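# Structural features, examined
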Number of protein chains: 2
Amino acid sequence: MEVRRTTVRDMRRSNRSVILTGIYREGPLSRQELTVRTSLSAASVSNLVAELIAEGVVEEAGSVESEGGRPRVLLRVAPTFRYVVGAEVGETRVRVELFDLAMNVLARADHPIATPTPEEVVKHVLEGLSTVVAASGIQSEQVLGLGVAVAGVVEDNAIVDAQTLGWEAVPLAELLAEGTDIPVHVDNGANMLGQAEMWFGAGRGATDAVVALVGSGVGSALVAGGSSYRGARSSAGEWGHMTIVYGGRQCRCGALGCLEAYVGAEGVLDRYRLAGGTVDGDEETAFVELLEATTEPATTIVNDTIGYLAAGFANLVNLVNPERIVLGGWAGLLLGEKHLDELRTEVGKHALRRPYAQVSIVLCELGRDAVALGAATLPVVRLLRDGGVVR
Amino acid sequence: MEVRRTTVRDMRRSNRSVILTGIYREGPLSRQELTVRTSLSAASVSNLVAELIAEGVVEEAGSVESEGGRPRVLLRVAPTFRYVVGAEVGETRVRVELFDLAMNVLARADHPIATPTPEEVVKHVLEGLSTVVAASGIQSEQVLGLGVAVAGVVEDNAIVDAQTLGWEAVPLAELLAEGTDIPVHVDNGANMLGQAEMWFGAGRGATDAVVALVGSGVGSALVAGGSSYRGARSSAGEWGHMTIVYGGRQCRCGALGCLEAYVGAEGVLDRYRLAGGTVDGDEETAFVELLEATTEPATTIVNDTIGYLAAGFANLVNLVNPERIVLGGWAGLLLGEKHLDELRTEVGKHALRRPYAQVSIVLCELGRDAVALGAATLPVVRLLRDGGVVR
DNA sequence: GTCCCTTCTTCCAACTCGTGAACTAAGCCG
DNA sequence: CGGCTTAGTTCACGAGTTGGAAGAAGGGAC
């Protein structure tokens, strides 16, 4: 039976969660505003808030002028109640950042890694963790949790498959837990970037959205009904390997005609080369040059890319009916900065009228570094869900 | 603030719902089994069950032998506590069926319609409702609700857009409510067929699934985390108009290369015709003949169709990561009965290894008539969600 | 047939929680 | 300083779940 009972305790936890989430997500609020928004009674709000203040999660933050009556006292989540750490595991480096609960960066550590073996990564993440904790002068008990973002399929805090790192079945959270008492969460990098955009970037306010990431490869993060959708076994969102040209170009995944083979930077440059263009320097420089070129075959390749990407977007629009699509990834941003309007128009040609009219297509607002930020929200999500620190 | 408060009443309602859902979905259960499955205390289970029995929703249904102790009394939802009616609105007819709570058909009514105007449809649905109620000798107060399935986009019980009927912005539930006191629910036909398969057909037990429907056109119903996923504005699941051959065949939606243009029966026959095949009789006969032909160009067309359909499935597998894909629709069933294995193999060529390994591809188990059955579950869903009839 | 054992069901006192109403706090205005 | 308005708090009450004890219902042993 999947549904769970509800007890009096669940009720309280749930209400604490509602209040805490409200205070966190909708800025400083007064008790008064909370009673309106939560439809809880004023008595209960007072009661719950008193408890949260006593525990230190929430604090009063000045008051707001009233119109003749007692001024409302504003409440906010105490930024220094706890701290959170986010880590991004890449192929060539590990980046660790420490934030307060208001998500201000307090310390940062970068470790290059030579060969991304699990041992190496665990070592560097743990080192980075101690470094940032020490640098910010915080007790490690003050750290609510560590979120780790890895490019790959993650299920229940364990890496199932991370091709870029060459990992399979690595219980990363477990390995990390051996070296620290801080609770560890592991999740997929694309999802974490998506999470950061949803909370602090271009996705704010949306409940059904897709964050589409176009870099050398292509991926996405699905958000359904306000929370990340992961599918039956945590690998939903593999948008890059959607067949878009039946029987088309060979993709590195082995299949033919994947979106990634057409709009991933690698695929785009490859198509450019085949069309007679010259590709110099590293991928990113070459991509910028391609975008800036005004001669054939560059313009055709760019236009085609927009077309393919638009078809990929249209497939999302039709199938998922999101209210927003956020385009990110380094190649996606470069492309989007110059051609967003054309892209929007092209999507309209491939998508059904109604869902197309309901979606807004925008660019990511946060930089690539937002992965660690997104990972750091994992412990915060938990704090909000539990309505405080569970004793 | 999207999250809602919880009160003591919600707690009880929630627990009633858990118990009632358990009894309904997992067959006759004893109180003892309910305490284990719900992790509620035996006291609460007894208490809640007593209430449900007093109200008549639940009844005792014999007892089961024990091993020396007191035998357990089995509980079931009383099939005759209330009745539900499901209606399917098609282009040429309206079909209305009355079920008891065990979903046995007790009466059925078919009305052909000449021109499917809203007035005509409302009239026939209401007539059908009276007919089946009268035929089964039930008081209309005994009818829990009427579920209506329409092919089109439905939002908040109102038709937003039903192309096959030529309707736009028709508040169907409201119109029906003027003619009856029975609560009316309206929903999308594909979703209702999906719902029926999920509860009583090939989807049983799955929580993340896609019911893919291939008929003359192509659609799907998405099920995420145990319940139907509708997207931001209720039009999710438009799988048929996914671009699968960039720049390919013109689809009736106006776009190029939609899946529907390749695997919808109309598209398949059209391709057959273009390849030199002869198409006689109505669509269905012609489709059957095509499938049975062993000569060129028929075999090529069929093989290609399987390939395109497989790519469409693979896109679902990659993007949504379902545990099950249920293939239905008349053309889908015909195709699947003969070529399911080839289809499975082909999907493997287009999909990523891991999500492909996690999905099972099966055929619908219920007939086309299941649409009305699915629609009739709408009031039942509500009954279970509310934990009984709300007073 | 009687007694005991096992298993299921109900009853009861204790405890938790949210609510409404009365009450206190705090600022404004004249 | 007193009246007014709005914000927040206190308290008794009803509604709900729980664990444990008591009750009920069969089956088996003698």
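Keep in mind that what you see is a predicted model, and the values were worked out from it rather than measured.

## With respect to the overall build of chain A
From N to C terminus, chain A includes 13 helices and 16 strands. For chain A, the C-alpha radius of gyration of 23 Å lies close to 21 Å, the compact-globule estimate for 391 residues. Viewed in the frame of its principal axes, chain A has a C-alpha envelope of about 70 × 50 × 45 Å. Considering only intrachain contacts with a sequence separation of at least 6, the fraction spanning at least 24 residues in chain A is 60%.

## Let's talk about the interface of chain B and chain A
The interface of chain B with chain A comprises 55 residues on the first partner and 55 residues on the second. Those elements that provide at least two residues to the side of chain B that touches chain A are α1 (8–25), α2 (31–38), α10 (298–320), α11 (330–350) and α12 (353–358) of chain B. Broken down by class, the residue content of the side of chain B that touches chain A amounts to 26 nonpolar, 18 polar and eleven charged.

## Description of the UniProt feature "domain: HTH marR-type" (unreviewed entry) in chain A
According to UniProt, the "domain: HTH marR-type" (unreviewed entry) feature falls on residues 19–61 of chain A. Across residues 19–61 of chain A one finds 67% helix and 14% strand; the C-alpha atoms that close the span lie 16 Å apart.

## Considerations on the protein's contact with DNA strand D
The environment of DNA strand D is made up of 32 residues, and the closest members are S46, G69 and R70 of chain A together with A43 and R70 of chain B. Elements that contribute at least two residues to the surface near DNA strand D include exactly α2 (31–38), α3 (42–55) and β3 (72–77) of chain A together with α1 and α3 (42–55) of chain B. Broken down by class, the residue content of the surface near DNA strand D amounts to ten nonpolar, 14 polar and eight charged.

## Focus on the relation of the copies chain B and chain A
Superposition record for chain B on chain A: RMSD 0.1 Å, screw rotation 180°, translation along axis 0.1 Å. Both chain copies can therefore be described as sitting about a two-fold axis. Interface residue correspondence from chain B to chain A reaches 100%, placing this contact among same-surface, isologous pairings.

## What about the packing of α1 of chain B against helix α13 (residues 370–386) of chain B?
Residue and element names in this part refer to chain B. Packing of α1 against α13 brings their axes to within 6 Å, and their N-to-C directions diverge by 130°. By the angle between their axes, α1 is oblique relative to α13. Taken together, the residues of α13 that come into contact with α1 (itself represented by R13, S17, L20, T21 and Y24) are L384, R385 and D386. Across the contact of α1 with α13, the residue classes tally to three nonpolar, two polar and three charged.

## Looking at helix α4 (residues 118–135) of chain B
Residue and element names in this part refer to chain B. Taking 1.5 Å of rise per residue, the 18 residues of α4 would be expected to cover 26 Å, and the 25 Å separating its terminal C-alpha atoms lies within 8% of that figure. Summarising the contacts, the buried residues of α4 are in contact with β4 (83–89), β5 (93–100), β6 (105–112), β7 (143–150) and α5 (172–177). Taken from the residues just after α4, G137 is the one with a positive phi, measuring 65°.

## So, unusual backbone geometry
With an omega dihedral of -5°, the bond running from E296 of chain A to P297 of chain A counts as a cis peptide bond. Structurally, P297 of chain A is set in the loop between α9 (283–292) and α10 (298–320). Although it is not a glycine, M103 of chain B sits at a positive phi angle of roughly 65°. Structurally, M103 of chain B is set in the loop between β5 and β6. A count of 17 C-beta atoms within 10 Å places M103 of chain B in the partly exposed class.

## Structural notes on the nonpolar core
Counting residues in each nonpolar core, the largest one holds 252 residues, and the members touching the most others are A87 and V148 of chain A together with A87 and V148 of chain B. Beyond its immediate chain neighbours, meaning those up to four positions away, V148 of chain B contacts A87, V89, V125, L172, V184, H185, V186 and A375 of chain B.

## Looking at the domain arrangement of chain A
All names here are of chain A. We note that the domain assignment places domain 1 (8–77), domain 2 (83–194 + 370–386) and domain 3 (204–363) within chain A. Taking only C-alpha atoms, the centre of domain 2 and the centre of domain 3 are 28 Å apart. Taken together, the contact between domain 2 and domain 3 spans seven residues of the former and twelve residues of the latter. When residues of the side of domain 2 that touches domain 3 are traced back to their parent elements, those giving at least two are β8 (153–155) and α6 (189–200).

## Focus on the pairing of strand β10 (residues 167–170) of chain B
Residues and elements named next belong to chain B. Looking at chain direction, strand β9 (residues 158–162) and β10 are connected through three bridges and run antiparallel. In the strand pairing of β10, D161 is matched with E168. In textbook terms, the turn of a hairpin is the stretch between consecutive antiparallel strands, and for β9 and β10 this stretch comprises four residues, one of which, G166, has a positive phi near 75°.

## What about the environment of V263 of chain B?
Residue and element names in this part refer to chain B. Mapped onto the elements of the fold, V263 is located in helix α7 (residues 259–263). For V263, a count of 28 C-beta atoms within 10 Å translates into the label buried. C-alpha separation for the pair V263 and Y308, spaced 45 residues apart in sequence, amounts to 6.7 Å. Ignoring anything within four residues of it in the chain, the contact list for V263 reads V214, V218, V268, T305, Y308, L309 and G312.

## Overview of the sheet that holds β7 of chain B
Residues and elements named next belong to chain B. Taken in spatial order, the five strands make up an open sheet running β6-β5-β4-β7-β11, and their pairing is mixed. In this open sheet, the two edge strands, each paired with only one partner strand, are β6 and β11 (184–188). Averaged over all neighbouring strand pairs, the angle between strand axes comes to 15°, with direction disregarded. Judged from the seven bridges that link them, β4 and β5 form a sheet pairing that is antiparallel. Each bridged residue has a counterpart across the sheet, and for V85 the counterpart in β5 is L98. Helix-sheet contacts for α4 involve β4, β5, β6 and β7, and the interaxial angle to β5 is about 35°. Packing of α13 onto the sheet brings it into contact with β4, β5, β7 and β11, and relative to β7 it is tilted by some 135°.

## A look at the sheet that holds β10 of chain B
Residues and elements named next belong to chain B. If you trace the three strands from one edge of the open sheet to the other, you get β8-β9-β10, paired in antiparallel fashion. Since the sheet does not close on itself, it has two edges, and those belong to β8 (153–155) and β10, each with one partner. With strand direction ignored, the average angle separating the axes of adjacent strands in the sheet is 20°. Direction of pairing for β8 relative to β9: antiparallel, over a ladder of three bridges. Residue pairing for β9: V153 is matched across the bridge by D161.

## Comments concerning the packing of α1 of chain B against α3 of chain B
Residue and element names in this part refer to chain B. Packing of α1 against α3 brings their axes to within 10 Å, and their N-to-C directions diverge by 80°. As summarised for this structure, α1 and α3 are arranged roughly perpendicular, according to the angle between their axes. Contacts between α1 and α3 involve N15, R16, I19 and L20 from the former and S44, V45, L48, V49 and L52 from the latter.

## Some remarks on the environment of E178 of chain B
On the secondary structure map, E178 of chain B appears in the loop between α5 and β11. Residues E178 of chain B and V122 of chain B, 56 residues apart in the sequence, show an inter-C-alpha distance of 9.8 Å.

So, how was this worked out
Residues numbered from 1 in each chain as written. Chains lettered and ligands numbered in written order. Predicted model: local features only at pLDDT ≥ 70, side-chain atom pairs only at ≥ 80, totals over all residues. Helix = DSSP H or I, 4+ residues; strand = E, 2+ residues; numbered from the N terminus. Rg over C-alpha atoms; globule rule 2.2 N^0.38 Å. Contact = placed C-beta atoms within 7 Å. Nonpolar A, V, L, I, M, F, W, Y, C, P; charged D, E, K, R; others polar. UniProt positions renumbered as here; feature names shortened; annotations may be inferred. Near = placed C-beta within 6 Å. Least-squares fit on C-alpha atoms with pLDDT ≥ 70 in both. Axes fitted to C-alpha atoms, helices over the stretch in contact; angles between N-to-C directions. Parallel < 35°, antiparallel > 145°, perpendicular 65-115°, else oblique. Expected span 1.5 Å × (residues − 1). Buried ≥ 20, exposed ≤ 12 C-beta atoms within 10 Å, placed from the backbone. Core = buried A, V, L, I, M, F, W, Y, C linked by C-beta atoms within 7 Å. Domains from an automatic or database assignment. Pairing = 2+ DSSP bridges.

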